Amino acid sequence: VSDPTLDRDALEDDERRVAEALDAEGYNRRSLYNFFGFKPARTELSHAPVTISGRLPADLAGVYLRNGTNPQFEPSSARWHMFDGPGMLHQIQIADGAATYSNTYVRTPRFEFERAAGRDVFMTVGELASAGKAALQKMALLERKRAAGLVPDLRLDATQTSTAVQFHHDRIFCLGEAGYPFAVNARKTNEGLVLDGTGRFETWDGALRSAFSAHPAIDPATGDFYSITVSAAAGTVDAAHVSDGKLVGARVLHRQDPKSKMAWMHECALTENYLLFPDISMRSDPGGLVGPDGSVFRFDPAYKLRWALAPRDLGSAEEVRWFETGKAGSIWHLINAWEETRADGGVQVVIYGSLFDSYPADIPIHTPAEDHAHLTKWVLDLESGKVIEAVKLLDWGYERTSFNVRYRGRPNRYAYLLDEQRQGYMGKGVLKYDLIEAGPVKYFDYGEFFGGEALFVPRTGAVEEDDGYLLDLLMTDSKAELVVIDARAMKEVARLRLPQPVPFGVHACWLDEDMLAALADTPA
Ligand SMILES: [Fe+2]
């Protein structure tokens, strides 16, 4: 539907003015993201052979699937940030001692629209975090184009779901946190799993009204998804509970002060009876775009980090309880949380996560300009409503933590922490850490490689918590390899050399043979 009164010349003038103000090419050239590891993959491969070195364990059979951004256009007409660009799934299938590699764009409506337009069209995080008034001009222009029917009115379906990927109820979901989850079509062929990146947004028959987390807390006993997200527009903190392929609960957990909204809520935690989320010192304020940082994001040292505790039953009217830490801080990732009964009979909740004492307004994540995060333990006393312990456990910077998620919500011993301090870009090694003894166990050095996250995959039939493998997709400037580390000994057992370089990325999931067998087959 095109507006006949639309002045196309004026619109083109505006386009030019916005492009000049954004100076995407100059900005991207100077950006810390102009670094080899962020160069997108240009070829989509299907079951290309992978070279294996070392001894691939006989009991490691399944699919490693990693999501990550992969900008379509060079040069881009948008200011670029690691969170921008459509998602790309990198799939390494391991069966019978052999492996193949496939990759595909995640074909969301935004991807398809920009693909057809031949350029980046919508706002990027890079612009919201750095472009100041130019970002406001681009927003106003986009609004006019929307009103004129020149660009689609995408809201919670504007997300590129490029952050993470998870299996739930026989389907694979690509996840971001700015919109709905995207269920990708899957086909099972003689070659194995085929994903072409097509799919659809899932709202569970319209029941999901909020964005969905990139890190839904998955109950290991039931496979249920628990999502907590912040809505940038409404300023609400929304929870959703998905069970057995249905949305069975949703609740607005918190209405934020419009003048000080949380910038993001990237990961929540689940315990036996509660959902937990951090209210961080990283705030969002559109007025910030006219301020000195030119960013909607701002670390507010006066806004102290606090924890919110809500009942897991989202139908409950029980109020959210707040636990003040008295200290400013920002958080991306949590490890685990659980409830404990002390010797004095008191009940407490223990939380482990990586805490940033400060964070730059331009969100330079995974670059040397980012602050370092420190492994921290918090203990919340449920009776007094107080944070009774907040301890920094390591002085060195570690983030993108993982653990054996079969222990989610109950006490676990080991965490695997990515070393983000040594080089600044991504991770240069992984530390196995003992949460019970509060001490490092063993460090595995990535050498010349950069890693994203050491995903823990339990060994078939494992009884011990650390009986399994750590899988991380490692990169140098010319090669990509999936490393397989024995998580008990922290020793490499195999390496799988991929047929092409892969850009830096973080979150992955493992589809074991049972999940692959259960995967719903959606013919293209
Ligand atoms: Fe994440």
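Just so it is clear, the model here is predicted, and its values are computed rather than measured. (Residues numbered from 1 in each chain as written. Predicted model: local features only at pLDDT ≥ 70, side-chain atom pairs only at ≥ 80, totals over all residues. Heavy atoms only, no water.)

Draft legend 1. Layout of the overall build of the protein. For the protein, the helix and strand inventory stands at 6 helices and 35 strands. The C-alpha atoms of the protein give a radius of gyration of 22 Å, which matches the 24 Å a tight globule of 524 residues would have. Judged by the C-alpha coordinates and their principal axes, the protein covers about 70 × 55 × 45 Å. Per-residue burial for the protein yields a buried fraction of 60% across its 524 residues. A total accessible area of about 20800 Å² is found for the protein, and carbon and sulfur atoms account for 50% of it. (Helix = DSSP H or I, 4+ residues; strand = E, 2+ residues; numbered from the N terminus. Rg over C-alpha atoms; globule rule 2.2 N^0.38 Å. Buried < 20%, exposed > 50% of the residue type's maximum accessible area, 1.4 Å probe, protein only. Areas by Shrake-Rupley, 256 points an atom, 1.4 Å probe, with all protein chains shown as cover.)

Draft legend 2. Inspection of the packing of helix 1 (residues 8-22) against helix 5 (residues 133-147) at higher detail. Axis separation between helix 1 and helix 5 bottoms out at 9 Å; the angle between their running directions is 155°. When the axes of helix 1 and helix 5 are compared, the pair comes out roughly antiparallel. Our pair here, helix 1 against helix 5, has a crossing hand that is left-handed. In this structure, helix 1 contributes Leu11, Asp14, Glu15, Val18, Ala21 and Leu22 to the contact, and helix 5 contributes Ala134, Ala135, Gln137, Lys138, Leu141, Arg144 and Lys145. Its residues assigned to classes, the contact of helix 1 with helix 5 comprises 7 nonpolar, 1 polar and 5 charged. (Axes fitted to C-alpha atoms, helices over the stretch in contact; angles between N-to-C directions. Parallel < 35°, antiparallel > 145°, perpendicular 65-115°, else oblique. Left-handed = near helix turned anticlockwise from the far one by under 90°. Contact = heavy atoms within 4.5 Å. Nonpolar A, V, L, I, M, F, W, Y, C, P; charged D, E, K, R; others polar.)

Draft legend 3. Summary view of the pattern of salt bridges. According to the stated counting rule, one finds 34 salt bridges in the structure shown. Residues Glu114 and Arg110 are paired through a salt bridge, measuring 3.7 Å at the closest nitrogen-oxygen approach. Pair noted here: Glu114 and Arg110 are both in helix 3 (residues 109-117), with a separation of 4 residues, about one helical turn. You can call Glu114 buried: its relative accessible area is 1%. The class for Arg110 is buried, based on a relative accessible area of 9%. For Arg413, the salt bridge goes to Asp434, with nearest N and O atoms at 2.8 Å. (Salt bridge = Lys/Arg side-chain N within 4 Å of Asp/Glu carboxyl O.)

Draft legend 4. How the structure looks around the coordination of the iron ion. The protein atoms donating to the iron ion are His215 (NE2), His266 (NE2), His333 (NE2) and His507 (NE2), with metal-donor distances spanning 2.0 to 2.1 Å. Relative accessible area serves as the criterion here: at 7%, His266 is assigned to the buried category. (Donors = N, O, S within 2.8 Å, 3.2 Å for Na, K, Ca; no water.)

Draft legend 5. Inspection of the pairing of strand 4 (residues 88-95) at higher detail. Among the 8 residues in strand 4, 7 count as buried, and that is most of the element. Bridge analysis of strand 3 (residues 62-66) against strand 4 gives 5 bridges, and the strand direction is antiparallel. If you follow Arg66 over to strand 4, its bridge partner there is His90. Across 8 bridges, strand 4 lies against strand 5 (residues 98-105) in antiparallel orientation. (Pairing = 2+ DSSP bridges.)

Draft legend 6. Region of the structure containing the pairing of strand 14 (residues 236-243). Among the 8 residues that make up strand 14, 8 are buried, leaving the element largely enclosed by the rest of the structure. Residues Thr236, Asp238, Ala240 and Val242 of strand 14 are buried on one face, and the alternating residues Val237, Ala239, His241 and Ser243, pointing to the opposite face, are buried as well. One ladder, built from 6 bridges, connects strand 13 (residues 225-230) with strand 14; its direction is antiparallel. The residue of strand 14 that forms the bridge with Val230 is Val237. The antiparallel pairing of strand 13 with strand 14 creates a hairpin that spans 5 residues between the two strands, and Gly235 there sits at a positive phi of about 75°.

Draft legend 7. Molecular detail of the environment of Leu247. You can see Leu247 is positioned in strand 15 (residues 246-255). Its relative accessible area of 18% is what places Leu247 among the buried residues. When neighbours within four sequence positions are excluded, Leu247 is seen to be in contact with Trp204, Ala207, Leu208, Ala240, His241 and Val242.

Draft legend 8. Geometry of helix 3. Residues of helix 3 that are buried include every one of Arg110, Phe111 and Glu114, and no others. Along the axis of helix 3, the buried residues cluster in a sector spanning 100°; they form a single face. Contact partners of the buried residues in helix 3: strand 5. A positive backbone phi angle near 75° is found at Gly118, which sits one or two residues after helix 3. (Arc of directions from axis to C-beta.)

Draft legend 9. Inspection of the side chain of Glu127 at higher detail. Within the fold, Glu127 resides in helix 4 (residues 125-128). Beyond its immediate chain neighbours, meaning those up to four positions away, Glu127 contacts Leu22, Ser77, Ala78, Arg79, Phe122, Gly132, Ala135, Lys138, Leu289 and Gly294.

Draft legend 10. Molecular detail of the sheet that holds strand 31 (residues 455-458). Here 5 strands make up an open sheet; going across it, the order is 2-34-33-32-31 and the pairing antiparallel. On the outer flanks of this sheet lie strand 2 (51-54) and strand 31, each paired with one strand and no other. Taken over all neighbouring pairs, the strand axes of this sheet differ in orientation by 25° on average, direction set aside. Here strand 32 (residues 468-475) pairs with strand 33 (residues 480-486) via 7 bridges, running antiparallel. The residue of strand 33 that forms the bridge with Leu474 is Glu481.

Draft legend 11. View of the environment of Gly245. Structurally, Gly245 is set in the loop between strand 14 and strand 15. Considered as a pair, Gly245 and His507 are 262 residues apart in the sequence and their alpha carbons are 22 Å apart. Excluding residues that lie within four positions of it along the chain, Gly245 makes contacts with His168, His169 and Trp204.

Draft legend 12. Local environment of the sheet that holds strand 29 (residues 429-434). Pairing is antiparallel in the open sheet, where 4 strands are placed in the order 27-28-29-30. Strand pairing shows two members of the sheet lacking a second neighbour, strand 27 (398-402) and strand 30 (439-445), which therefore form its edges. Geometrically, the sheet is characterised by an average inter-axis angle of 30° between neighbouring strands, direction not taken into account. Sheet analysis places strand 29 next to strand 30, joined by 6 bridges and oriented antiparallel. Opposite Gly429, over in strand 30, you have Asp445 as the bridge partner.

Draft legend 13. A look at the packing of aromatic side chains. Inspection of every chain in the model, using the stated rule, returns 32 aromatic pairs. Each residue in the set Tyr33, Phe35, Phe36, Phe38, Trp80, Tyr425, Phe450 and Phe504 is aromatic and connected to the rest through ring pairs, giving one cluster. The ring of Tyr303 carries the charged tip of Arg283 above its face, separated from the ring centre by 3.6 Å. Seen from the ring of Trp322, Arg306 lies directly overhead, with NZ or CZ sitting 3.5 Å from the centre. (Phe/Tyr/Trp six-rings, centres within 6.5 Å; stacked < 30°, edge-to-face > 60°. Lys NZ or Arg CZ within 6 Å of the ring centre and 35° of its normal.)

Draft legend 14. Inspection of a nonpolar patch on the surface at higher detail. On the surface, Leu136, Met139 and Val290 cluster together to form a nonpolar patch covering roughly 220 Å² of accessible area. Locating Met139 in the fold gives a position in helix 5. The exposure class assigned to Met139 is partly exposed, which follows from its relative accessible area of 30%. (Patch = residues over 30% accessible without salt bridge, like charges linked within 9 Å, V, L, I, M, F, W, Y side chains within 5 Å.)

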